[in-house]
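Chain by chain, the residues:
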Amino acid sequence: MELSIQDLEALRVIAKKAALKAGAHVIACFGTDFKIGSKNKGGSLAADVVTEVDLKSQEIIFSSLQESINKYDLGWLGEESEDDRSRLTKDYFWTVDPIDGTLPFTKKTPGFAVAIGLVAKNGEAVVGVAYDPYHNHLYDAVKGGQAYKDGEVFSIQYHKNKGLTFYSDLSFVSSGSHQYLVQSLERISLEKYNAPLEVVTHQGAIINAMCVLENAPAVYIKPHRDKQGGGCAWDFAASVCIAEAVGCTPTDYFGNKINLNKEENTYMNNEGIKYEVW
């Protein structure tokens, strides 16, 4: 079934309530002692770490979305559960990251968020909700509509008299190409803005993407790589929808349209990702 704009708006409201409820649990646990484990999937530490808070947050979200899944015949893809491939058979599926930025969360630093996206079978994000419980900011959008932050219309915030800011995942810092990219962006920042480049590496994907929109000129880049990983649909669905609603078009590293529903797997390492506001 094709969802109408009224359906998408209703699902946006449901997702917002779910994100706020999960976020309340996440922030209540922030700074406390909780169990930290490993998914044993390899890759970076940021991708492998999981806590009991992640698991409970996803449980809260799934419970909050269950009625909509039944009513609208939606698929499901959660970071902390196995891919049941319903995303390939249903017309739309929820994709959820219960704590995007688990690593900063475990380090007791900001930079984490709750992310809920609704994605069409063709890989397009049609609803996006991102909640930053540390700063209590809620971002949301529906494809073809406006984006909102804390209930107010949200737009790109461009700051004059500053250089370019490069947002980078911590897992990318240790790669051989990170320093090369920093040097390239430093030259661009000096030539175009006559100011030095700022590099931010301590945040998760959702907060990095929102910061690009709120701290332009800025870029968030994850280059492609051979090793499996590089984020998944749940890392980007919500922020792609929100970014598109404010006029920023995220692409893969090569400038192509992002596909959030690849048949072979959910990983983005072969494509990479870029959010840019110059």
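Use the structure listed above.
The rules behind each value
- Residues numbered from 1 in each chain as written.
- Predicted model: local features only at pLDDT ≥ 70, side-chain atom pairs only at ≥ 80, totals over all residues.
- Heavy atoms only, no water.
- Buried < 20%, exposed > 50% of the residue type's maximum accessible area, 1.4 Å probe, protein only.
- Helix = DSSP H or I, 4+ residues; strand = E, 2+ residues; numbered from the N terminus.
- Pairing = 2+ DSSP bridges.
- Salt bridge = Lys/Arg side-chain N within 4 Å of Asp/Glu carboxyl O.
- 1 Å grid on protein atoms, 1.4 Å probe; cavity = no way out; pocket = protein on both sides within 12 Å on 5 of 7 lines; lining within 4 Å.
- Points joined across faces, edges and corners; volume = space filled by probe spheres on them.
- Nonpolar A, V, L, I, M, F, W, Y, C, P; charged D, E, K, R; others polar.
- Axes fitted to C-alpha atoms, helices over the stretch in contact; angles between N-to-C directions.
- Parallel < 35°, antiparallel > 145°, perpendicular 65-115°, else oblique.
- Left-handed = near helix turned anticlockwise from the far one by under 90°.
- Contact = heavy atoms within 4.5 Å.

1. Observations concerning the pairing of strand E3 (residues 75-78)
Here's step 1: Residues Gly-75 and Leu-77 line one face of E3 and the alternating positions Trp-76 and Gly-78 line the opposite face, and both faces are buried.
Here's step 2: Across four bridges, E3 lies against strand E4 (residues 92-100) in parallel orientation. Of the residues in E4, the one forming a bridge with Leu-77 is Thr-95.

2. Considerations on unusual backbone geometry
Here's step 1: A cis amide bond, omega 5°, links Ala-216 with the succeeding residue Pro-217.
Here's step 2: With a phi angle near 70°, Arg-85 is a residue other than glycine that sits in the positive phi range.
Here's step 3: Examined against the element boundaries, Arg-85 turns out to sit in the loop between E3 and E4.
Here's step 4: For Arg-85, a relative accessible area of 35% gives the class partly exposed.
Here's step 5: The backbone of Asp-150 sits at a positive phi, close to 55°, despite the residue not being glycine.
Here's step 6: Looking at the element boundaries, Asp-150 is found in the loop between strand E8 (147-149) and strand E9 (152-154).

3. Thoughts on the pattern of salt bridges
Side chains that differ in charge, positive against negative, can pair when their charged atoms come close.
Here's step 1: Going through the model one piece at a time under the given rule, you end up with 10 salt bridges.
Here's step 2: Taking the shortest distance from any N to any O, the salt bridge between Arg-87 and Asp-83 comes out at 3.0 Å.
Here's step 3: Overall, Asp-83 belongs to the partly exposed group, its relative accessible area being 26%.
Here's step 4: Among the ionic contacts, a cluster of salt bridges with common partners joins Glu-9, Arg-12 and Asp-140.

4. Thoughts on empty space enclosed by the protein
Here's step 1: For the structure shown, the criterion picks out one cavity of 30 Å³ or more.
Here's step 2: Estimated volume of the largest cavity: approximately 40 Å³.
Here's step 3: Around the largest cavity, the lining residues are Ala-233, Asn-259, Leu-260, Asn-261, Lys-262, Asn-265, Thr-266 and Met-268.
Here's step 4: When grouped by side-chain class, the residues that make up the lining of the largest cavity number three nonpolar, four polar and one charged.

5. Some thoughts on the environment of Glu-59
Here's step 1: Relative to the helices and strands, Glu-59 is located in helix H3 (residues 52-72).
Here's step 2: Given the relative accessible area of 48%, Glu-59 is considered partly exposed.
Here's step 3: Each C-alpha atom, one on Glu-59 and one on Thr-89, is 23 Å from the other, the two residues being 30 residues apart in sequence.

6. So, the packing of helix H7 (residues 205-214) against helix H8 (residues 233-245)
Here's step 1: With their axes 9 Å apart at the nearest point, H7 and H8 run at an angle of 15° to one another. When the axes of H7 and H8 are compared, the pair comes out roughly parallel. Crossing geometry of H7 relative to H8 is assigned as right-handed. Within the contact between the two elements, H7 uses Ala-205, Ile-206, Ala-209, Met-210 and Leu-213 and H8 uses Asp-235, Phe-236, Ala-238, Ser-239, Ile-242 and Ala-243.
Here's step 2: Of the residues assigned to the contact of H7 with H8, the class counts are nine nonpolar, one polar and one charged.

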